[in-house]
Amino acid sequence: MGAVIVEAVRSAVGKRKGGLAGVHPADLSGTVLNALVERAGVDPGIVEDVIWGCVTQAGEQTGDIARTAVLSAGWPETVTGVTIDRQCGSSQQALSFAVAVVESGYHDVVVAGGVESMTRQPMGSSITGEGIPYGQDFLGRYDGTMPNQGVGAEMIAERWGLSRTQLDEFAVASHEKAAAAQDAGFFAGHIVPVTTPDGVFDADQGIRRGSTVEGLAGLKTPFKSDGVIHAGNASQISDGSAAILVMSEEAAARYGCTPIARVHTATLAGDDPVIMLTAPIPATAKALERSGLTIDDIGVFEVNEAFASVPMAWLAETGADPAKLNPNGGAIALGHPLGGSGARIMTDMVHHMKANGIRYGLQTMCEGGGQANATIIELL
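Looking at an unreviewed UniProt entry, one finds the protein chain named Thiolase family protein, with Dietzia cercidiphylli as its source organism. The Sequence similarities (unreviewed entry) comment attached to the protein chain in UniProt states, word for word, "Belongs to the thiolase-like superfamily. Thiolase family."

Pasting the structure below:
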């Protein structure tokens, strides 16, 4: 029983304390969920589960926000929801789980997606008091090192010989590509307008037009005094949500939905948790090996721009065509609402493939703990 993607939508991504700051993350999720089923032309009552990514499960994002989102959307009380955390890859993992449960035959209609309001629930706010996520056994294994993603990004730049100028050039290109996509109306076709206390929010807010390498040169490198990583070549702290509707092929036919794509291959990889951000490289290798495809068979790559050094090292190791990488910009320009980013990226990639007739696309992203998801999508 094959699983297919029949619709994918997202909110515009808001800057920290920006356009989505006045919206509760459950309400934001509910708005996106309603738009998803409306655009698919189906009754929300047919959805059997909502699998929702969210990283900082504290404050407003506690209490199983997947279920709260379903109820906030006004969906029938019969529709369930479960919240998952695979760090930055949470909603990409949600899609893998949704596809697996549909292909197993347990369910016919499942929604995957996620949310993060990093304004209202700041990163790290789930760590309270003096507690830390690392026990003595972990710290003993890694010589007492407390993993830090910014330090990891610096380690990658050093290992792959990436200069600050190269990283900044990559960052500027991300803004340029995102601005071009926004101007062409690409994002508008699948962005859900969100009503906020300040009006309707419907355009990505983080794109910095006119960004230059010279302009980035004055930014401080907080993770290393003589380092190369700074706010301008790292992902933005953001708010946002995205959702993907997955059905069995039989259910899609039954409900009159036209499939857009299918998940061809989904894999995971683990790597050193101290450098933390290198696992997209082995995850990609594993996905290609399992799929039987080559790097040249893939028409578009989405590698999350947590830091510019991550996709740049990935390019160096995989030999992928740089012109196929993040064609509409990435998290440096668009932002990175942690739990929602995997589904945001997938939504953009699926619609890019549909618009350009691209058969295969590959998405991968680094995740806390030194993990990565890699997902290959095939256009139908």
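Focus on the overall build of the protein chain
Each helix and strand in the protein chain was counted, giving twelve helices and 13 strands. Taken over C-alpha atoms, the radius of gyration comes to 19 Å for the protein chain, in line with the 21 Å a tight globule of 380 residues would show. With the principal axes as the frame, the protein chain shows a C-alpha extent of 60 × 50 × 45 Å. Residues classed as buried in the protein chain amount to 58% of the 380 residues present. Considering the protein chain, the positive charge centre built from 24 side chains and the negative charge centre built from 42 side chains are found 3 Å apart.

A look at the UniProt feature "domain: Thiolase N-terminal" (unreviewed entry) in the protein chain
The residues that UniProt annotates with the feature "domain: Thiolase N-terminal" (unreviewed entry) are residues 4-250. Note that residues 4-250 is 33% helix and 19% strand, and that its end C-alpha atoms are spaced 10 Å apart.

Topic: the packing of helix 9 (residues 280-291) against helix 10 (residues 309-318)
The N-to-C vectors of helix 9 and helix 10 enclose an angle of 45°; their axes lie 9 Å apart at closest approach. In terms of their interaxial angle, helix 9 and helix 10 are classed as oblique. Crossing angle aside, the handedness with which helix 9 passes helix 10 is right-handed. Every residue of helix 10 that contacts helix 9 at Pro280, Ile281 and Thr284 is listed here: Ala313, Trp314, Glu317 and Thr318. Residues of the contact of helix 9 with helix 10, tallied by class, amount to four nonpolar, two polar and one charged.

With respect to helix 2 (residues 65-72)
Taken together, the buried positions of helix 2 are Ile65, Ala66, Ala69 and Val70. Each buried residue of helix 2 sits inside an arc of 145° when the element is viewed along its axis, so together they form one side. Those residues of helix 2 that are buried are in contact with helix 1 (25-40), strand 3 (49-53), strand 4 (80-84) and strand 5 (109-117). Immediately beyond the C-terminal end of helix 2, within one or two residues, lies Gly74, with a positive phi of roughly 80°.

A few points about the pairing of strand 9 (residues 238-248)
Residues in a regular strand point their side chains to alternate faces of the sheet. Across the eleven residues that make up strand 9, a large majority, eleven, are buried. Across the two faces of strand 9 the burial is the same, with Ser238, Gly240, Ala242, Ile244, Val246 and Ser248 and Asp239, Ser241, Ala243, Leu245 and Met247 all buried. Pairing of strand 1 (residues 3-11) with strand 9 involves seven bridges; the strand directions are antiparallel. Among the inter-strand pairings, Ala8 is bridged to a residue of strand 9, identified as Ile244. Across two bridges, the pairing between strand 2 (residues 14-15) and strand 9 is antiparallel. By the bridge assignment, Lys15 is partnered in strand 9 with Ser238.

Describing the side chain of Gln61
Looking at the secondary structure, you find Gln61 in the loop between strand 3 and helix 2. A residue is classified by how much of its surface remains accessible, and Gln61, at 0% relative accessible area, is buried. Among the polar contacts made by the side chain of Gln61, one reaches the main-chain carbonyl oxygen of Thr56 at a distance of 2.8 Å. A polar side-chain atom of Gln61 sits 2.8 Å from the main-chain amide nitrogen of Ser117.

As for the packing of aromatic side chains
Pairs of aromatic rings are described using the distance from one ring centre to the other and the angle between the two planes. Following the criterion strictly, the structure yields five aromatic pairs and no others. Ring centres of Phe138 and Tyr142 lie 5.0 Å apart, and the angle between their planes is 50°; this geometry places the pair in the tilted category. Among the residues examined, Phe138 registers a relative accessible area of 24% and is labelled partly exposed. Aromatic side chains Phe223 and Phe307 sit 6.3 Å apart centroid to centroid with 85° between the ring planes, which places their arrangement in the edge-to-face category. Placement of the pair is Phe223 in the loop between helix 7 (213-216) and strand 9 and Phe307 in the loop between strand 11 (300-303) and helix 10, with a sequence separation of 84 residues.

Remarks on the UniProt feature "domain: Thiolase C-terminal" (unreviewed entry) in the protein chain
The UniProt feature table records "domain: Thiolase C-terminal" (unreviewed entry) at residues 258-378. End-to-end, the C-alpha atoms of residues 258-378 are 14 Å apart, and along that stretch the chain is 37% helix and 25% strand.

Points about the nonpolar core
Ranked by size, the top nonpolar core spans 48 residues in total, and within it Leu33, Val50, Trp52, Trp75, Val111, Leu245 and Met247 carry the most contacts. Not counting residues up to four positions away in its chain, the partners in contact with Trp75 are Leu33, Asn34, Val37, Pro44, Val47, Val50, Val70 and Val111. With 43 residues, the next largest nonpolar core counts Ala279, Val303, Met312 and Ile376 among its residues.

A short note on a nonpolar patch on the surface
Taken together, the side chains of Val151, Met155 and Phe223 define a hydrophobic patch exposed on the protein surface, amounting to about 210 Å² of accessible area. Look at Phe223 and you get partly exposed, because its relative accessible area is 33%.

With respect to the pattern of salt bridges
Here the structure, examined in full by the defined rule, presents ten salt bridges. One salt bridge connects Asp183 with Arg209, and the closest N-O pair in it is separated by 2.8 Å. Placement of Asp183 in helix 6 (residues 164-183) and of Arg209 in the loop between strand 8 (199-201) and helix 7 is noted, with a sequence separation of 26 residues between them. One salt-bridge network, held together by shared partners, links Arg10, Asp204, Arg344 and Asp348.

Conventions adopted
Note that residues are indexed from 1 along each chain, following the sequence as it is written. Local features in a predicted model are, by the rule used here, given only for residues with pLDDT of at least 70; side-chain atom pairs are given and counted only at 80 or more, and totals for whole chains, interfaces and linings are based on all residues. To obtain the side-chain values, all non-hydrogen atoms of the structure were included, while hydrogens and water were left out. UniProt positions are given in the numbering used here, feature names are shortened, and annotations may be inferred rather than shown by experiment. Runs of H or I in DSSP of at least four residues are treated as helices and runs of E of at least two as strands, each being numbered from the N terminus. The reference for a compact globule is 2.2 Å times residues^0.38; the radius of gyration itself is calculated from the C-alpha atoms. Exposure is judged per residue with a 1.4 Å probe applied to protein chains only, and the accessible area is read against the type maximum: over 50% gives exposed, under 20% gives buried, and values in between give partly exposed. The charge count includes Lys and Arg as positive and Asp and Glu as negative, but it does not include His or the ends of the chains. The atom standing in for a charge is NZ when the residue is Lys, CZ when it is Arg, CG when it is Asp and CD when it is Glu. Orientation is described by axes fitted as lines to C-alpha atoms, over the contacting stretch for helices, and by angles from 0 to 180 degrees between their N-to-C directions. If an angle is under 35 degrees, it is roughly parallel; if it is over 145, roughly antiparallel; if it lies from 65 to 115, roughly perpendicular; otherwise it is oblique. Throughout, a crossing is termed right-handed when the near helix is turned clockwise from the far one, and left-handed when it is turned anticlockwise from it by less than a right angle. In what follows, a contact means two residues having at least one pair of non-hydrogen atoms within 4.5 Å. Any residue outside Ala, Val, Leu, Ile, Met, Phe, Trp, Tyr, Cys, Pro, Asp, Glu, Lys and Arg is labelled polar, Gly included; the first ten of those are nonpolar and the last four are charged. By definition, the arc is the one covered by directions from the helix axis to the C-beta atoms. We call two strands paired when DSSP finds no fewer than two bridges between them. Any pair of N or O atoms that falls within 3.5 Å is considered a polar contact. Within protein, one atom must be able to donate a hydrogen and the other to accept it, and sequence-neighbouring residues count only if both atoms are side-chain atoms. Note on aromatic pairs: the rings of Phe, Tyr and Trp (six-membered ring only in Trp) are paired at centre separations within 6.5 Å, and the planes decide the class, stacked below 30 degrees, edge-to-face beyond 60, tilted for the rest. Residues belong to one nonpolar core when they are buried, are Ala, Val, Leu, Ile, Met, Phe, Trp, Tyr or Cys, and are joined through side-chain atoms within 4.5 Å. Only residues whose relative accessible area exceeds 30% and that form no salt bridge enter a patch; like-charged residues are grouped when within 9 Å of one another, and nonpolar side chains (Val, Leu, Ile, Met, Phe, Trp, Tyr) when within 5 Å. Accessible surface is estimated by sampling points in the Shrake-Rupley manner with a 1.4 Å probe; for residues, cover comes only from the protein chains shown. Any Lys or Arg side-chain nitrogen found within 4 Å of a carboxyl oxygen on Asp or Glu counts as a salt bridge.

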